[in-house]
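# A structural walkthrough
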Amino acid sequence: MVKFTDIVKAFASGIAQSRLSLVGAIVTTVVAPVLLVSVILDIQGFITNPYFGFVIYLILGPLFIAGLVMVFVGLFFFRGREAVGLFTYEYLKEQFTDATKFTKVQKIIFLSVFLTILNILIVTLLSYSGYHYSESVAFCGQFCHTVMNPEYTAYQNSPHSRVKCVDCHIGEGAKWFVKAKLSGVRQLFAVAFNTYSRPIETPVHGLRPARETCEECHRPEFFHGDRLYIKDKFLEDEHNTHVRTVLLLKVGSGGYRGMRAQGIHWHVAPENRIVYRHADYQREAIYEVRLTKPDGTQIVFRDPDAPETANASSEGGERVMDCIDCHNRPTHVFLPPGEALDQKLVTGEIPASLPYIKREALKVITADYPSTEEAKNQIATRLRAWYKANYPDLVERNAPLLEQAIRGVQHAYTENVFPEMRIGWNTYKNFLGHRDDSGCFRCHNETLATDAGETISMDCQTCHVILAEDEPNPPILRQLQCPAE
Ligand code: HEC
Ligand code: HEC
Ligand code: HEC
Ligand code: HEC
Ligand code: HEC
């Protein structure tokens, strides 16, 4: 019978003949148990710190695999000439055909097989959970903390906070998987060597077409019908008067069950193909829109002042319109300052009963600050000073009210502005409406026209019916029995 100790001895002496193998063996042996335990802990979800995954999958894992490679490379390539002779065909044949012998070579092979199986097990486990780690929200959103913090923060406050980053940024399939991992490696280097851009550029020009990401969950033709849109706003007067805008948004559909494509989602019907050309990286300056209709006819809307030939600059390009051209911020929603405050006022996080809080808060949050810490301090100091000077009684009587307001104002700032990444109030524009004549009005305007002079409709009723605009107590909401403020 073969003794286990014999095998170990033979294997060890095989390894000992090569320094490379020896080092490899030491590394593997030391790392293996730590790795195995960590991977199991990670799979079980015992430790959720994002740096834990980094240590396992980007340090221990590669170290373990490098150790294995060293062992084998050392065994087969870096031994003395004599030892290499052991592995010639004749030698092996002799050893194996003689059944009475259990030689050193057999022992080595026996143990190698055993160790290989063990190693394959560890490597499989490692790649399985390593794959999951690299696809996890923790890795994408938390690991590179400063870099991804803005997107991660906005994401957590959005309707897609339960959707994984990779579902929108990578999607299904091997091709995009490989592409994403390669770009991931580049990004790790950019973070390690501090060469990434601040802020991260948008739009993401390498983003996968929405057809293969958003449409995995959302059916483009689905009938959404008309949607009531109620927007709360607080005026900058002493009472922070609460007003509301009510629209009936004609969201429509891309042609549901034989129904004609209609309303805003008319653009996403497969038979309506819209291609546009833009002059800038941000895709704000659109100078040509080509619409191909279901019957194949093409209509071209062009800015007569735009250059006849393709791109006005190297930053420009051509693009097939999809969901992202309107929903460019489906999850990283950074609000403008007024809206950020309105949102806190409507929930009561900032008490609307504090006189002039909208006006004063707006002043302090739109100032420039070098860091988040500094911003928070300044917001507090400046608001306290202003109220002390102008409403000393109130501060005396009801200090907690002011302190609550300060916390709310600080949140409105920290959820939307990230000085460390040079993200200010209007860094990331939202194209869903027509703020600053951008968004829909990039195409729906008076400039782009066909040769016959037709433009893309700018009629207010094309997209919505305005039922109330900045009204303190809109009758339409009473009629619809919507709760008052
Ligand atoms: C619902 C889909 C969706 C999810 C989920 C999602 N993103 Fe995005 N992300 C987008 C879109 C769309 C853009 C903007 C693309 C454009 O305008 O070209 C974007 C842009 C970005 C940008 C570029 C900077 C910017 O703000 O435009 C970063 C960085 C980013 N996402 C990181 C993340 C991280 C990290 C997560 C997970 C925490 C995540 N994303 C989850 C859809 C998504
Ligand atoms: C993995 C599935 C998934 C993917 C991928 C996805 N979404 Fe969603 N989306 C959802 C779910 C689920 C909701 C509903 C969330 C809720 O109501 O709580 C939603 C909600 C929405 C809404 C409504 C938001 C609101 O204010 O009510 C819009 C708009 C939207 N998604 C657009 C997009 C766009 C654009 C993309 C591609 C960039 C996308 N989604 C990708 C699952 C997904
Ligand atoms: C022409 C611009 C435009 C395009 C293109 C577009 N949408 Fe929308 N979509 C809107 C607007 C505007 C709304 C309503 C505004 C809102 O929800 O705040 C909306 C609403 C939605 C909603 C919420 C509907 C509801 O009932 O609450 C979903 C989900 C959605 N879109 C998904 C998509 C997907 C997926 C695509 C791509 C197939 C897409 N949209 C393409 C403009 C667009
Ligand atoms: C890339 C250019 C482009 C953008 C951006 C764009 N549209 Fe359009 N839209 C068009 C074109 C082209 C037409 C067709 C005009 C025609 O047939 O005369 C159209 C038509 C429409 C129609 C009429 C559909 C019908 O039933 O005939 C609506 C509604 C509409 N758009 C809403 C929007 C909204 C809302 C937004 C912004 C969220 C938006 N569009 C952004 C290009 C655009
Ligand atoms: C091409 C489509 C389109 C046209 C044309 C259009 N709008 Fe809009 N408008 C929108 C969409 C989409 C929103 C909702 C934006 C959002 O979801 O945040 C909106 C929002 C608004 C709002 C609410 C703004 C807020 O505070 O959020 C007002 C007011 C408004 N539109 C007025 C007008 C007026 C006035 C006209 C005519 C000059 C007009 N719109 C033409 C698409 C359009």
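Residues numbered from 1 in each chain as written. Chains lettered and ligands numbered in written order. Predicted model: local features only at pLDDT ≥ 70, side-chain atom pairs only at ≥ 80, totals over all residues. Heavy atoms only, no water.

Per an unreviewed UniProt entry, the recorded name for the protein is Cytochrome C, and the organism is Dissulfurirhabdus thermomarina. Taken from UniProt, the Subcellular location (unreviewed entry) comment for the protein reads in full: "Cell membrane". If you open the UniProt record of the protein and go to Sequence similarities (unreviewed entry), you find "Belongs to the NapC/NirT/NrfH family." (UniProt positions renumbered as here; feature names shortened; annotations may be inferred.)

## Here we look at the coordination of the iron atom of ligand 4
Around the iron atom of ligand 4, the protein contributes the donor atoms His267 (NE2) and His444 (NE2), which lie 2.0 Å from the metal centre. Each of the six donor atoms bound to the iron atom of ligand 4 contributes to angles spanning 85 to 179°, and the resulting shape is octahedral. Highlighted residues: His267 in the loop between β2 (242-252) and β3 (273-278) and His444 in the loop between α16 (399-414) and α17 (460-463), separated in sequence by 177 residues. Owing to a relative accessible area of 21%, His267 belongs among the partly exposed residues under this scheme. (Donors = N, O, S within 2.8 Å, 3.2 Å for Na, K, Ca; no water. Tetrahedral: all angles 85-135°; square planar, octahedral: opposite > 155°, others 65-115°. Helix = DSSP H or I, 4+ residues; strand = E, 2+ residues; numbered from the N terminus. Buried < 20%, exposed > 50% of the residue type's maximum accessible area, 1.4 Å probe, protein only.)

## A closer look at the sheet that holds strand β1 (residues 225-234)
Strand pairing in a sheet takes place through backbone hydrogen bonds and is either antiparallel or parallel in direction. Sheet architecture is open: three strands sit in the order β1-β2-β7, paired in antiparallel fashion. Whereas interior strands pair on both sides, the edge strands pair on one side only; in this sheet they are β1 and β7 (464-471). On average, each strand axis in the sheet is inclined to that of its neighbour by 15°, with strand direction left out of account. The sheet contact formed by β2 and β7 spans five bridges and is antiparallel. Paired with Arg244 across the two strands is Glu471, which belongs to β7. Helix-sheet contacts for helix α12 (residues 337-347) involve β1 and β2, and the interaxial angle to β1 is about 90°. (Pairing = 2+ DSSP bridges. Axes fitted to C-alpha atoms, helices over the stretch in contact; angles between N-to-C directions. Contact = heavy atoms within 4.5 Å.)

## Digging into the site of ligand 2
As a structural note, the neighbourhood of ligand 2 is formed by Pro159, His160, Val163, Asp167, Cys168, Thr213, Cys214, Cys217, His218, Ile324 and His327. In the environment of ligand 2, a nitrogen atom lies 2.7 Å from a nitrogen or oxygen atom belonging to the side chain of His160. At the level of secondary structure, the elements contributing two or more residues to the shell around ligand 2 comprise α9 (165-169) and α11 (214-217). For the shell around ligand 2, the class distribution of residues is six nonpolar, four polar and one charged. (Near = heavy atom within 4 Å. Polar contact = N/O pair within 3.5 Å; in protein donor to acceptor, adjacent residues only side chain to side chain. Nonpolar A, V, L, I, M, F, W, Y, C, P; charged D, E, K, R; others polar.)

## Some words on the nonpolar core
Leu354, Ile357, Ile365, Ile379, Tyr387, Val409 and Tyr413 are the most contacted members of the largest nonpolar core, which totals 30 residues. Of all the elements in the fold, those that place two or more residues in this core are α12, α13 (357-365), α14 (372-390) and α16. In terms of residues, this core owes the most to one element, α16, which gives seven residues. Once you skip the residues sitting within four places of it in the chain, Ile365 turns out to touch Pro337, Leu341, Ile379, Val409, Tyr413 and Trp425. Counting 25 residues, the second largest nonpolar core, distinct from the first, contains Tyr57, Tyr133, Ala190 and Phe418. (Core = buried A, V, L, I, M, F, W, Y, C linked by side-chain atoms within 4.5 Å.)

## With respect to the coordination of the iron atom of ligand 3
The protein atoms donating to the iron atom of ligand 3 are His265 (NE2) and His327 (NE2), with metal-donor distances spanning 2.0 Å. Geometry at the iron atom of ligand 3 is octahedral, judged from its six donor atoms and the angles of 86 to 178° they form at the metal. Of this pair, His265 sits in the loop between β2 and β3 while His327 sits in the loop between β6 (317-320) and α12; the two residues are 62 residues apart in sequence, bridging distant segments of the chain. Here His327 falls in the partly exposed class, since its relative accessible area comes to 35%.

## Structural notes on the side chain of Asn119
Secondary-structure assignment places Asn119 in helix α6 (residues 104-134). With sequence-adjacent residues up to four places away left out, Asn119 is seen in contact with Phe64 and Leu68.

## A word on unusual backbone geometry
With an omega of -5°, the peptide bond running from Arg198 to Pro199 counts as cis. For Pro199, the position within the fold is in the loop between α10 (174-192) and α11. Residue Pro203 is bonded to the preceding Thr202 through a cis peptide linkage, with omega at -10°. Locating Pro203 in the fold gives a position in the loop between α10 and α11. Non-glycine residue Arg283 carries a positive phi angle of around 65°. Looking at where Arg283 falls in the secondary structure, it is placed in the loop between β3 and β4 (286-292).

## Brief notes about the pattern of salt bridges
Taken as a whole, this structure holds 22 salt bridges when the rule is applied. A salt bridge links Arg244 to Asp232; its shortest N-O distance comes to 2.9 Å. Here Asp232 lies in strand β1 and Arg244 lies in strand β2, a separation of 12 residues in the sequence. The exposure classification of Arg244 matches that of Asp232, with both residues buried. A salt bridge links Glu288 to Arg277, with the shortest nitrogen-to-oxygen separation between them at 3.3 Å. Taken together, the residues Glu288 in strand β4 and Arg277 in strand β3 connect sequence positions 11 residues apart. The exposure class assigned to Glu288 is buried, which follows from its relative accessible area of 6%. Sharing partners across several salt bridges, the network here consists of Arg277, Glu288, Arg290, Arg302 and Glu318. (Salt bridge = Lys/Arg side-chain N within 4 Å of Asp/Glu carboxyl O.)

## Observations concerning the UniProt feature "transmembrane region" (unreviewed entry) in the protein
Here the UniProt feature "transmembrane region" (unreviewed entry) sits at residues 20-41, 53-78 and 108-131. Spanning residues 20-41, this segment combines 100% helix with 0% strand, and its end C-alpha atoms are found 31 Å apart. Helix makes up 100% of residues 108-131 and strand 0%. Its end C-alpha atoms lie 33 Å apart.

## Thoughts on the sheet that holds β3
Strand order in this open sheet of four strands is β5-β4-β3-β6, and the pairing throughout is antiparallel. Sheet topology places β5 (298-302) and β6 at the edges, where each strand pairs with a single neighbour. In this sheet, adjacent strand axes meet at a mean angle of 15° when their direction is disregarded. Across six bridges, the pairing between β3 and β4 is antiparallel. Paired with His278 across the two strands is Ile286, which belongs to β4.

## Some details on the UniProt feature "domain: NapC/NirT cytochrome c N-terminal" (unreviewed entry) in the protein
The positions that UniProt labels "domain: NapC/NirT cytochrome c N-terminal" (unreviewed entry) are, in the present scheme, residues 108-198. With 77% helix and 0% strand, residues 108-198 has end C-alpha atoms that lie 55 Å from one another.

## So, the site of ligand 3
If you check the shell around ligand 3, you find 17 residues, and the closest are Arg227, His265, Cys323, Cys326 and His327. A distance of 3.3 Å separates an oxygen atom of ligand 3 from a polar atom in the side chain of His224. Here Arg227 contributes a side-chain N or O atom positioned 2.8 Å from an oxygen atom of ligand 3. Its residues assigned to classes, the shell around ligand 3 comprises nine nonpolar, five polar and three charged.

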